[in-house]
Amino acid sequence: MAVVSTAKTASVLWKFRKPITFLVVGFIGMIFLILAALFTIFQENQAPTSQAKLSEEVLQWKPLVEKYAKQYEVSGYVNMILALIQQESGGRHLDVMQASESLRLSPGTITDPERSIQVGVKEFSEVLQRANGKIKLALQSYNFGPGFIDYAMERGGYSPKVAQSFSDMMEKKLGWDSYGDPQYVQHVLRYWQTPKGVAGIPNEKGFIPPINSEISSHFGGRVDTITGDTGEFHEGTDFTCNGQTLPVFATRSGVVSRAGWQDPNNPNAGFGQRIYIKHGDGLVTIYAHLSKLFVQPGEKVNAGQPIGRCGTTGRSTGRHLHFQVQVKGRTMNPETVAF
Ligand SMILES: [Zn+2]
């Protein structure tokens, strides 16, 4: 028997020696590899659609979160705070933001959801400020306590590794079984829904978000932030920069038609440093108040390509991105056209 089987193996091996068999096997192998690669890319692109959703129980707290976000000057972070609530309690406990500990009380001492949201939002605002607007550092500190901020700053800022080492250190120091959730940032961010889609991925309207942050001011009538006049019409959508010079991305592929100062003699005029991109069919997108530009007029850009950095150049009271959309020369609401 053994002899027969050896002979069979030998004959199979012999077949593979024929060049045509090599070619066929190699070809099938290559097709397989290409399919595997395509499947991986497909899966990566699909990943954001499986992003975790905020539950109804969490969304019921949105008006209260908005109220206290305004009071503690973190209005640009309402969706982030809702994501935090989803992670903390799923919106189902009375202490919805698990805020008792930030008052040095035992967990669950607060039994009024509004009180929990007030204390929790205040704590979030404070850690965000102490973290210089660095959102991941602030989030992890919400879980670990503000002591994490200095620890992380001394080690080059937040990283999952630094979070883990802090957790290990505290665990040993306190003799506990575990300390906090070292993956808190990832756990919260999976629930974070920006109003304009998922960073780097075109939405159903074919637009990629121009910045990875939240909307701070909508298109339409509002009070002028500089003069205080009412009745001014806001011609674009503003995004918070989280106090940072966040990168700004081309929302679609196109050609840069203008890039630079609106008025080279006056850095406080209008859009300041801005970029116009023509996308064809009369569609133009505008990115204003930038601190840095990475592109020049005439340059072709791809959707999602970094074109500049968030700033406060031109007529602006603080770091933000003013994003504007024109269709055939008419200014349109970006939230209708693009998001
Ligand atoms: Zn604006």
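Throughout, residues of each chain are indexed from 1 in the direction in which the sequence is written. Side-chain atom pairs in this predicted model are given and counted only at pLDDT of 80 or more, local residue features only at pLDDT of at least 70, and totals for whole chains, interfaces and linings cover all residues. Processing note: side-chain calculations cover all non-hydrogen atoms of the structure and skip hydrogens and water entirely.

### A closer look at helix H6 (residues 113-130)
Numbering of helices and strands starts at the N terminus; helices are DSSP runs of H or I of at least 4 residues and strands are runs of E of at least 2. To estimate the expected span of a helix, subtract one from its residue number and multiply by 1.5 Å. The end-to-end C-alpha distance of H6 is 25 Å, a good match for the 26 Å that 18 residues give at a rise of 1.5 Å each. Per-residue accessibility, obtained with a 1.4 Å probe over protein chains only, is compared with the maximum for each type, and a residue is labelled buried under 20%, exposed over 50%, and partly exposed between these values. Here H6 has its buried residues at Pro113, Ser116, Ile117, Val119, Gly120, Val121, Glu123, Phe124, Ser125, Val127 and Leu128. Just downstream of H6 lies asparagine 132, where phi reads positive at about 55°.

### Thoughts on the layout of surface pockets
The gaps of empty space that remain are located by a probe, the size of a water molecule, rolled over the atoms. In this analysis the probe radius is 1.4 Å and the grid spacing 1 Å, with only protein atoms considered; a cavity is a set of points the probe fits into but cannot get out of, a pocket is an open set with protein on both sides within 12 Å along at least five of seven lines, and lining residues have an atom within 4 Å of a point. Grid points are joined across faces, edges and corners, and a volume is the space filled by probe spheres set on the points. If you add up the space inside the second largest pocket, you get close to 680 Å³. Along the walls of the second largest pocket sit 24 residues, with Glu101, Tyr142, Asn143, Phe144 and Gly145 positioned nearest its centre. Split into classes, the residues belonging to the lining of the second largest pocket amount to eleven nonpolar, six polar and seven charged. By the convention adopted, Pro, Cys, Tyr, Trp, Phe, Met, Ile, Leu, Val and Ala count as nonpolar, Lys, Arg, Asp and Glu as charged, and the other residues, Gly among them, as polar.

### A word on the coordination of the zinc ion
In this structure, His234 (NE2), Asp238 (OD) and His322 (ND1) serve as the protein donors to the zinc ion, at separations of 2.0 to 2.2 Å. Counting residues between consecutive donors of the zinc ion along the chain gives the motif H-x3-D-x83-H. Taken together, the positions of aspartate 238 in strand E4 (residues 237-240) and histidine 322 in strand E12 (residues 320-327) put the pair 84 residues apart, joining distant regions of the chain. Each member of the pair, aspartate 238 as well as histidine 322, is classed as buried. Coordinating donors are taken as N, O and S atoms within 2.8 Å of the metal, stretched to 3.2 Å for Na, K and Ca; because water is absent from the atoms, sites can appear incomplete.

### Here we look at the pattern of salt bridges
Whenever a carboxyl oxygen of Asp or Glu lies within 4 Å of a side-chain nitrogen of Lys or Arg, that contact is scored as a salt bridge. Tallied over the entire structure, the rule returns three salt bridges. A salt bridge links lysine 122 to glutamate 126, with the nearest nitrogen and oxygen atoms 3.3 Å apart. Of this pair, lysine 122 and glutamate 126 are both found in helix H6, four residues apart, which corresponds to roughly one turn of the helix.

### A word on the sheet that holds strand E11 (residues 306-309)
We treat two strands as partners when DSSP finds at least two bridges between them. Strands sit in the order E5-E11-E9 across an open sheet of three strands; the sheet is antiparallel. Across the chains shown, the open sheet's two edge strands, defined by having one partner strand only, are strand E5 (247-249) and strand E9 (292-293). Summarising the sheet, E5 and E11 pair through three bridges and their orientation is antiparallel. Considered in E11, the bridge of valine 248 is made with glycine 308.

### A few points about the nonpolar core
Core analysis: the biggest nonpolar cluster contains 49 residues, and Ile81, Met97, Ile117, Phe124 and Phe148 have the highest contact counts within it. Looking at this core, the elements with two or more residues in it are helix H4 (62-71), helix H5 (78-88), H6, helix H7 (135-144), helix H8 (147-153), helix H9 (160-174) and helix H10 (184-189). Counting residues per element, this core draws most heavily on H5, at seven residues. Filtering out sequence-adjacent residues up to four positions away, phenylalanine 148 remains in contact with Leu137, Gln140, Ser141, Tyr158, Val162, Ala163 and Phe166. In plain words, nonpolar cores are sets of buried Ala, Val, Leu, Ile, Met, Phe, Trp, Tyr and Cys residues tied together by side-chain atoms within 4.5 Å. Ile215, Ile277, Cys310 and Leu321 belong to the second-largest nonpolar core, a separate cluster that totals 23 residues. Working rule for contacts: check all heavy atoms of both residues, and any pair within 4.5 Å makes them a contact.

### A closer look at the confidence of the model for the protein chain
Predictor confidence is given residue by residue as pLDDT, running from a minimum of 0 to a maximum of 100. A residue-level look at the protein chain finds 80% of positions with pLDDT of 70 or above and a mean pLDDT of 84. A low-confidence stretch, residues 1-7 (pLDDT under 50), is modelled with zero contacts involving residues beyond four sequence positions or located in other chains. The low-confidence segment residues 40-50 (pLDDT under 50) makes three contacts with residues lying over four places distant or belonging to another chain.

### With respect to the packing of aromatic side chains
When two rings of Phe, Tyr or Trp (its six-membered ring) have centres within 6.5 Å they constitute a pair, described as stacked for plane angles under 30 degrees, edge-to-face for angles over 60, and tilted for the intermediate range. Under the definition given, this model contains 13 aromatic pairs. Ring centres of tyrosine 151 and phenylalanine 166 lie 4.9 Å apart, and the angle between their planes is 65°; on these two criteria the pair is classed as edge-to-face. Separated by 15 residues along the polypeptide, tyrosine 151 in helix H8 and phenylalanine 166 in helix H9 bring together distant segments of the chain. Like tyrosine 151, the residue phenylalanine 166 is buried in the burial classification. Considering the side-chain rings of phenylalanine 219 and phenylalanine 233, the 5.2 Å spacing of their centres and the 90° angle between planes classify their relative orientation as edge-to-face. Here the residue phenylalanine 219 occupies a position in the loop between strand E1 (215-217) and strand E2 (220-222), and phenylalanine 233 occupies one in strand E3 (residues 232-234), the gap between them amounting to 14 residues. A relative accessible area of 21% places phenylalanine 219 in the partly exposed class.

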